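What follows is each chain in one-letter form.
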Amino acid sequence: MTGLRNNLQLPGKPVLVAIWTRDLDGVALAGRLRIAHSIRDAFRERFDLREITAKSAVQNPTPGRIAGSILAYLTSLFRGQVLPFQSAIFASHAELAAIEARIPDDASYVYLDGVRLFPLLSHLRRHRPNLRLVVDFDDLMSRRFQQLFDRGEAPAPGYLAGNLHRRIRQLLDWSIFGRLVLRHEAKTLAGLEKETLKLADAIVLLSLAETQQLQALATQVPDARAEILNIGPSVAMQHTNAVLKPLRFIFVGTDRLTQNRLTIDYLIDLWRRLSPSASLTIYGQQVRDLPLPDGVSVAGYVDDLSVAYDDHSVLLTPSFLAGGVKTKVLESFSYGRPVVANPTTFEGMNLTGYPLVFDRADDLEAFVLAPDDHLDEAANAADVGAAYLIRSHAPDRTAAAWCKAMLGDSAGAVK
C-alpha cells in the first residue's frame, strides 16, 4: 500500500512533496520535531503528501556526498555567494538531482524544511520553475548564530551534533576556531536569507517578531518575491486544572542545545547561591554530568509530559538567546501551568497582561524564594497563558494556516 500511495495521486487531493532535513520518526520528540509532526499532520489532511528526507554529508556520509559537498562549497566561493557549512552538507549536485527526480510530475507544491536546503531551493527554481516552493525558516538562523558569536559561545550544531566526529566537536569548542565558524555561519546565513526572498514563493517563521524583521529586510532586497508569513507552533490544550501548593519548579529541555544549556547553568547556579526551599526538576536528555546543589534533580526524558507539568509545577525558563517561539512555554500553558521567565523568553508572543515576566533578575529570584506566596499570580498567569494558546496556537487554526500558505492564500496565516 505504501508503494502505491507514493506513485498514485489520491483522488481530489493535490500532490505536495515535503522535504525534511532529518527523519521525523523513531526519535525522541521535542521542540522542532513536535512542530514538524504537527505540520506533517496538517498536510496529510489536505494534500496527497509525499515525503523525502534529504541526505547530508554529515548524517549520511558517503565518499560521493562528502566530495559533492566540498565541491559545492568551493564553487560557492568562486561565485561570490558563499554557502554556510550547514547548507553545503546538503549541496551535493548528485543529491539535488536525485531529490528532483523523486518529485512527481503532477506535484504542484514543495515544502522545504529550513534554510539549510537553500541549494535545493535554488536547484528546483531553475529546473522546476512551475512548482510552488515554500521554505519553513522556523527562526532566523543568522540572528541565532550572531547572538552566539556576540556572547562568545561555541557553535551550536543542534541535531547534527550527534553525527559530528569527536575531533570536529573538539575543534568547534576551541574558542578561536569556533568563533571563526560562528562568524562565517552568521554572515553566510544572512546572505542565504536574502537570496531565499528572491527564490521562494513563501517563507514561514514561528515568531511574529522575526517575521517583522524579515519583512523589513525584504524592502531592502531587490527582486524579493516571497510572501513572509507567521505561523506559530500547533499546541492543543490538555487540561486546565487548578494551580496547587506547594509549588515546585521545573525546566524542560536537553542541554545539547545551547539555549537550554545557558538556562540550565543559570538555574543550577541560582539554587547554589540562594538555596530555595522549593525544588527544581530538570527534564530532558542531558549530555553533561553536572554536580547538582541540594533541591535540584535531573529526571531525564519522559514520554508523557503530564509527568513534568503536574498540578504543582511552575516552568522556570529565563532565556538568554532570542529567536523563534519557545515551545516549552506553549506546552506548559497547554497543561494549565504558569511560566516564570524574562522578556526574551516571550519574544514573539502576544501575552498582554501576563504577570510572571520579570525584567530584573532580583524580581525573578524573589519569586523563586517564595513561590507559594504568589499563588494567585501563578493561577492568573496560567489562565492568561491558556487563553493565549487557544487564541493563537489551536491545532485547527495553525493547520489551516499551513495549508493556505502552501496553496498561496495567506489569509489563514497567523498575523
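Rules used throughout
Residues numbered from 1 in each chain as written. Predicted model: local features only at pLDDT ≥ 70, side-chain atom pairs only at ≥ 80, totals over all residues. Heavy atoms only, no water. Core = buried A, V, L, I, M, F, W, Y, C linked by side-chain atoms within 4.5 Å. Buried < 20%, exposed > 50% of the residue type's maximum accessible area, 1.4 Å probe, protein only. Contact = heavy atoms within 4.5 Å. Phe/Tyr/Trp six-rings, centres within 6.5 Å; stacked < 30°, edge-to-face > 60°. Helix = DSSP H or I, 4+ residues; strand = E, 2+ residues; numbered from the N terminus. Lys NZ or Arg CZ within 6 Å of the ring centre and 35° of its normal. Arc of directions from axis to C-beta. Salt bridge = Lys/Arg side-chain N within 4 Å of Asp/Glu carboxyl O. Pairing = 2+ DSSP bridges. Axes fitted to C-alpha atoms, helices over the stretch in contact; angles between N-to-C directions. Parallel < 35°, antiparallel > 145°, perpendicular 65-115°, else oblique. Left-handed = near helix turned anticlockwise from the far one by under 90°. Nonpolar A, V, L, I, M, F, W, Y, C, P; charged D, E, K, R; others polar.

A. The nonpolar core, seen in detail. By size, the foremost hydrophobic cluster in this structure holds 72 residues, and its most contacted members are Leu16, Phe43, Tyr111, Phe249, Phe346 and Tyr354. Not counting residues up to four positions away in its chain, the partners in contact with Phe346 are Val329, Phe333, Val339, Ala341, Leu351, Tyr354, Leu356 and Val357. Of all hydrophobic cores here, the second largest spans 51 residues; its members include Ile99, Phe137, Leu197 and Ile203.

B. Inspection of the packing of aromatic side chains at higher detail. Under the definition given, this model contains 14 aromatic pairs. Relative to Tyr111, the ring of Phe43 has its centre 5.4 Å away and its plane inclined at 70 degrees; by these criteria the two rings are edge-to-face. In this pair, Phe43 sits in helix 2 (residues 31–46) while Tyr111 sits in strand 3 (residues 107–112), placing the two residues 68 residues apart along the sequence. Residue classification places Tyr111 among the buried residues on the basis of a relative accessible area of 0%. Here the aromatic rings of Phe358 and Phe367 are separated by 6.1 Å at their centres, their planes lie at 45 degrees, and the arrangement is tilted. Among the residues examined, Phe358 registers a relative accessible area of 14% and is labelled buried. Since its relative accessible area comes to 2%, Phe367 is described here as buried. Clustering of aromatic rings is evident, with ring pairs tying together Trp20, Phe43, Phe47, Tyr109, Tyr111 and Trp402. Across the ring face of Phe47, the terminal group of Arg46 is positioned such that the distance to the ring centre comes to 5.6 Å.

C. Looking closely at the environment of Ala386. Counting through the fold element by element, Ala386 comes out in helix 14 (residues 375–392). With relative accessibility at 9%, the residue Ala386 sits in the buried group. The spatial distance from the C-alpha of Ala386 to the C-alpha of Tyr335 is 8.3 Å, given a sequence separation of 51 residues. Non-local contacts of Ala386, meaning those with residues more than four positions away in its chain, are made with Met237 and Phe333.

D. How the structure looks around the side chain of Asn260. If you trace the backbone, Asn260 turns up in helix 11 (residues 258–274). Residue classification places Asn260 among the buried positions, given a relative accessible area of 6%.

E. Local environment of helix 5 (residues 93–102). Along helix 5, the residues that are buried comprise Glu95, Leu96, Ile99 and Glu100. The buried residues of helix 5 all sit within an arc of 140 degrees when viewed along its axis, so they share a single face. Summarising the geometry of helix 5, the exposed residues directed more than 90 degrees from the buried face are His93, Ala94, Ala101 and Arg102. The elements touched by buried residues of helix 5 are strand 1 (15–20), strand 2 (48–53), helix 3 (63–79) and helix 6 (118–127).

F. Spatial organisation of the pattern of salt bridges. The full count for this structure, using the stated rule, is 25 salt bridges. Between Arg143 and Glu347 there is a salt bridge, with its nearest N and O atoms 2.8 Å apart. Linking Arg143 in helix 7 (residues 141–151) with Glu347 in the loop between strand 11 (339–340) and helix 13 (361–369), this pair joins segments that are 204 residues apart in sequence. Linked by salt bridges that have partners in common, Asp25, Arg40, Arg44 and Glu51 make up one network.

G. Here's a closer look at the sheet that holds strand 8 (residues 280–283). Strand order in the open sheet formed by five strands is 9-8-7-10-11, with parallel pairing between adjacent strands. If you trace the sheet from one side to the other, it starts and ends with strand 9 (296–300) and strand 11, each paired once. In this structure, strand 8 lies alongside strand 9, joined through four bridges in parallel fashion. Among the inter-strand pairings, Tyr283 is bridged to a residue of strand 9, identified as Gly300.

H. View of the packing of helix 6 against helix 9 (residues 175–199). The contact between helix 6 and helix 9 brings their axes to 11 Å, and the two run at 25 degrees. For the element pair helix 6 / helix 9, the angle class is roughly parallel. For the element pair helix 6 and helix 9, the recorded crossing hand is left-handed. Side by side, helix 6 and helix 9 meet where Phe118, Leu121, Ser122 and Arg125 of the first sit next to Leu192, Glu195, Thr196 and Leu199 of the second. Counted by class, the contact of helix 6 with helix 9 contains four nonpolar, two polar and two charged residues.

I. Fine view of the sheet that holds strand 3. Sheet architecture is open: six strands sit in the order 2-1-3-4-5-6, paired in parallel fashion. One side of each edge strand has no neighbouring strand; the edge strands of this open sheet are strand 2 and strand 6 (227–230). Averaged over all neighbouring strand pairs, the angle between strand axes comes to 20 degrees, with direction disregarded. The pairing of strand 5 (residues 202–205) with strand 6 spans four bridges and is parallel. Bridge pairing links Leu205 to Asn230 in strand 6. In the packing of helix 2 onto the sheet, contacts are made with strand 1, strand 2, strand 3 and strand 4 (132–138), and the angle to strand 2 comes to roughly 145 degrees. Sheet strands touched by helix 6: strand 1, strand 3 and strand 4. Its angle to strand 4, the strand with the most contacts, is close to 170 degrees.

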